[in-house]
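A structural walkthrough
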Amino acid sequence: MENLTYKISNGVLRLDISGDYKNKNLPEVFLAQIKSPEIKRIEIDAKDLNSWDSSLLVMLLDIYHKATALNIKFDGKNFPNGVQKLIELSLAVKPQQEPPLPAKQSFLDCFGDFGLHIFHTFMKGAKFALSNLRTFFWAPVFKPVSRTVDFWFAFQECGPKALPIVLLISFMVGLILAFVGAIQLQIFGAQVYVASLVTIGMTRIIGAIMVGIIMAGRTGASFAATIGTMQVNEEIDALKTMGVKTEEFLIFPRLKALVISMPILTMFADFAGILGGAAVGILALDIPSSEYFRYAYKAWHLRHFLVGIFHALVFGFIIALSGCYFGVNCGRDADSVGTSTTKSVVYGIVWMIIATGLITFCLQRMHI
Amino acid sequence: MENVIQAKNLTIGYGPKVLLRNADFAVKEGDIFIIMGGSGCGKSSLLKVLTGLIPPLQGSFDLLGVDFNRASSEQKSLLRQKTGILYQSGALFSSMTLAENIAMPLEQYSAYSPSTIDELVRLKLSLVGLSGYENYYPSEISGGMKKRAGLARALALDPKVVYFDEPSAGLDPVSSARLDDLMLEINANLGTTLVVVTHELQSIFNIGNNSIYLDAATKTITGSGSPKDLLKNPPNERIAQFLTRGKEK
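Calculation rules
Residues numbered from 1 in each chain as written. Chains lettered and ligands numbered in written order. Predicted model: local features only at pLDDT ≥ 70, side-chain atom pairs only at ≥ 80, totals over all residues. Helix = DSSP H or I, 4+ residues; strand = E, 2+ residues; numbered from the N terminus. Rg over C-alpha atoms; globule rule 2.2 N^0.38 Å. Buried ≥ 20, exposed ≤ 12 C-beta atoms within 10 Å, placed from the backbone. Contact = placed C-beta atoms within 7 Å. Axes fitted to C-alpha atoms, helices over the stretch in contact; angles between N-to-C directions. Parallel < 35°, antiparallel > 145°, perpendicular 65-115°, else oblique. Left-handed = near helix turned anticlockwise from the far one by under 90°. Nonpolar A, V, L, I, M, F, W, Y, C, P; charged D, E, K, R; others polar. Pairing = 2+ DSSP bridges. pLDDT = per-residue confidence, 0-100. Domains from an automatic or database assignment. Core = buried A, V, L, I, M, F, W, Y, C linked by C-beta atoms within 7 Å.

With that out of the way, let us pick up the overall build of chain A. Counting secondary structure elements, chain A contains 12 helices and 4 strands. Its C-alpha atoms give chain A a radius of gyration of 36 Å, more than 25% over the compact-globule value 21 Å for 368 residues. Taken along its principal axes, the extent of the C-alpha atoms in chain A is 110 × 60 × 45 Å. Burial analysis of chain A (368 residues in total) assigns 34% to the buried set. Long-range contacts, defined here as pairs at least 24 residues apart, represent 87% of the contacts in chain A between residues at least 6 apart.

Residues and elements named next belong to chain B. In the contact formed by helix 3 (residues 98-109) and helix 5 (residues 143-154), the axes pass within 8 Å of each other and the chain directions differ by 25°. Judged by the angle between their axes, helix 3 and helix 5 are roughly parallel. You can see that helix 3 and helix 5 cross each other, and the crossing is right-handed. Taken together, the residues of helix 5 that come into contact with helix 3 (itself represented by L98, N101, I102 and P105) are A149, A152 and R153. Its residues placed into classes, the contact of helix 3 with helix 5 shows 5 nonpolar, 1 polar and 1 charged.

Residues and elements named next belong to chain B. The sheet built from 4 strands is open, its strands ordered 2-1-4-5 with antiparallel pairing. Either end of the sheet is taken by a strand with one partner, and the two such strands are strand 2 (17-28) and strand 5 (66-67). Here 8 bridges tie strand 1 (residues 3-14) to strand 2, and the two strands are oriented antiparallel to one another. Bridge assignment links Y14 to a residue of strand 2, and that residue is K17. Seen against the sheet, helix 1 (residues 43-50) touches strand 1, strand 2 and strand 4 (58-63) and runs at an angle of roughly 120° to strand 1.

This part is about the confidence of the model for chain A. Mean pLDDT over chain A: 90, with 98% of residues reaching 70 or higher. Across chain A, element-level confidence peaks in helix 11 (residues 302-328) of chain A with a mean pLDDT of 96 and bottoms out in helix 3 (residues 81-92) of chain A with 79.

This paragraph deals with the domain arrangement of chain A. Along its sequence, chain A is organised into domain 1 (4-92) and domain 2 (143-365). Averaged C-alpha coordinates put domain 1 of chain A and domain 2 of chain A at centres separated by 70 Å.

Residues and elements named next belong to chain B. In this sheet, strand 4 lies alongside strand 1 in antiparallel orientation, the contact comprising 5 bridges. Residue pairing for strand 4: A7 is matched across the bridge by F61. The pairing of strand 4 with strand 5 spans 2 bridges and is classified as antiparallel. Looking at strand 5, one finds that L63 is bridged to V66. Where strand 4 folds back on strand 5, the antiparallel hairpin that results is connected by 2 residues, among which L64 adopts a positive phi of roughly 50°.

So, on to the sheet that holds strand 4 (residues 73-77) of chain A. Whenever strands of a sheet pair, they do so through backbone hydrogen bonds, lying parallel or antiparallel. Residues and elements named next belong to chain A. Spatially, the 4 strands line up as an open sheet ordered 1-2-3-4, and their pairing is mixed. Two strands lie at the open edges of the sheet, namely strand 1 (4-9) and strand 4, each paired on one side alone. Sheet twist, expressed as the mean angle between neighbouring strand axes with direction ignored, is 15°. By the bridge criterion, 5 bridges tie strand 3 (residues 41-52) to strand 4 in an arrangement that is parallel. Opposite D45, over in strand 4, you have K77 as the bridge partner. Against the sheet, helix 2 (residues 54-69) engages strand 2 (12-21), strand 3 and strand 4, with an angle of about 175° to strand 3.

With that settled, consider the interface of chain B and chain A. Tallying the contact residues gives 13 residues for chain B and 11 residues for chain A. Breaking the side of chain B that touches chain A down by element, the ones donating at least two residues are helix 2 (73-81) and helix 3 of chain B. The element best represented in the side of chain B that touches chain A is helix 2 of chain B, accounting for 3 residues. Across the side of chain B that touches chain A, the residue classes tally to 6 nonpolar, 6 polar and 1 charged.

This brings us to the nonpolar core. Counting 135 residues, the largest nonpolar core has V211 and C324 of chain A together with I35, V162, V195 and V196 of chain B as the members making the most contacts within it. The leading source of residues in this core is helix 7 (residues 194-232) of chain A, at 17 residues. The contacts of V195 of chain B, once residues within four sequence positions are left out, are V27, F33, I35, L50, V161 and Y163 of chain B. Among the nonpolar cores identified, the runner-up in size contains 13 residues, and I17, I42, M59 and I63 of chain A belong to it.

A word on the confidence of the model for chain B. For chain B, mean pLDDT is 90; residues scoring 70 or higher make up 99% of the total. Model confidence for the complex is summarised by a pTM of 0.77, with the ipTM given as 0.74.

Here we come to the environment of L19 of chain B. Residue and element names in this part refer to chain B. By secondary structure assignment, the location of L19 is in strand 2. Take L19: there are 20 C-beta atoms within 10 Å of it, and that puts it in the buried class. Taking the C-alpha atoms as reference points, L19 and K219, 200 residues apart in sequence, are found 5.8 Å from one another.

Right, dumping it as structure tokens:
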């Protein structure tokens, strides 16, 4: 059954709505008539309307808005009470004016803005790092306000609890390093030097880097998520209004725990990596175990070991500061906690690699 | 009575977005001062300014006679010890028991011995009806209990002013009424000035003896005085509608 009939006479567009008006699309043919220049007035009569749903309201509002835009008089009659009320309700509040779009920027402006953004972000991060490093190094003099239990809890998380995964990954890395090295060394019949390769590689840098990557994903992310959730729950606001410094209460125990545990974990990682290399050397390359360990011992040097430990210390600072920075600067919703956690890991690893490059360059210049 | 808070030409907002312009108001000692207004009018932001979490865009405010924004960090630390705040969620530290939460400001700012602090914690918890919950973690108690525990922490240092951010939010009517009663008791018996951000009408009329109304449309304070007086003689239609839940036309 047709629900809409219309006719035009003397500049009046008359629309009769009848029957059941439900689940209807907009009557495009009728709506096109409104734009006709002869139309001066629209009359809508719904006296024969039985039932209706929101599609009727959509149509009526569309007609109303079009008529208003074209300065055409709109006259509705015999609307059911509910329809009249809902139309009034939807017209009661003027739509929010959308803010004007910002003027299109030139490439140079965009580039400049991007540069400034990077600069400000870098400065903010540097300020945060310096403030926390000051708290850390002056801790013996100005006792920071923090709870010992928080330190032990953080230490347990980034020390003993992280050890199994560190041992497993380092063992596997030592194993891979030995296999890869053996392929080349076998060409010269020098596979016994696999022991030297693995020992120097693991102790000097690879052990520290593997521990750093594991701890960035495990502990750095956990710091960011914990502190970020505290931000969401207004716990950090509560600390600030109590006059407690977040860098002392939240960051100092975590920083201390990670900086202490990183070198210890690295020592274990070095050992596990050498054992991984030994597994390949002894079982796959048929090097006698005494021979393998003799070469490993000869290759082990305190200098390499200390370089690895120094890397681990630096990585400890970077990972803890990255996790805490993104936690403290987290937004106030659940999504922000996820973003902060991801950023803490990504930036932690990026800065670790940058630091490794710088340290390696400096050590090379110093012939260490 | 002295003014504990005196706002002078205070403009607040975030960057270019202004939420409240040129606000002048005073909170007298012993007041239960209500900051009310519709959603998005800047009530919670005003509270953040008053608690020093964000700086005002313009103007200043005196807290206990000291210009807060010009105060040195030592002065600010002292002022913060004289204020407490109850957040919407309670903002209890989730890794600490209720006792540890309340003991924290005491350990930091007072010279009390550990045994005295334990007793003080028990006292504060009993004041808010949570006696015996010392070793519970925030996750183990209900929303209403969290708010009361948060209030106990806010009261730990016997502050002169306690701020409340939407204290009734998320509470059932009975818990909300109990919290109102508790606030009245604290105000009457400890003489603490309470500054309450809320839009709960029942709470506003139950506890408030002074108030300001923040208007989101004009971004100004359009009414001040006792909530009951504002209901009797509303200065404008928006306040009349707000205080009658939109029934007044």
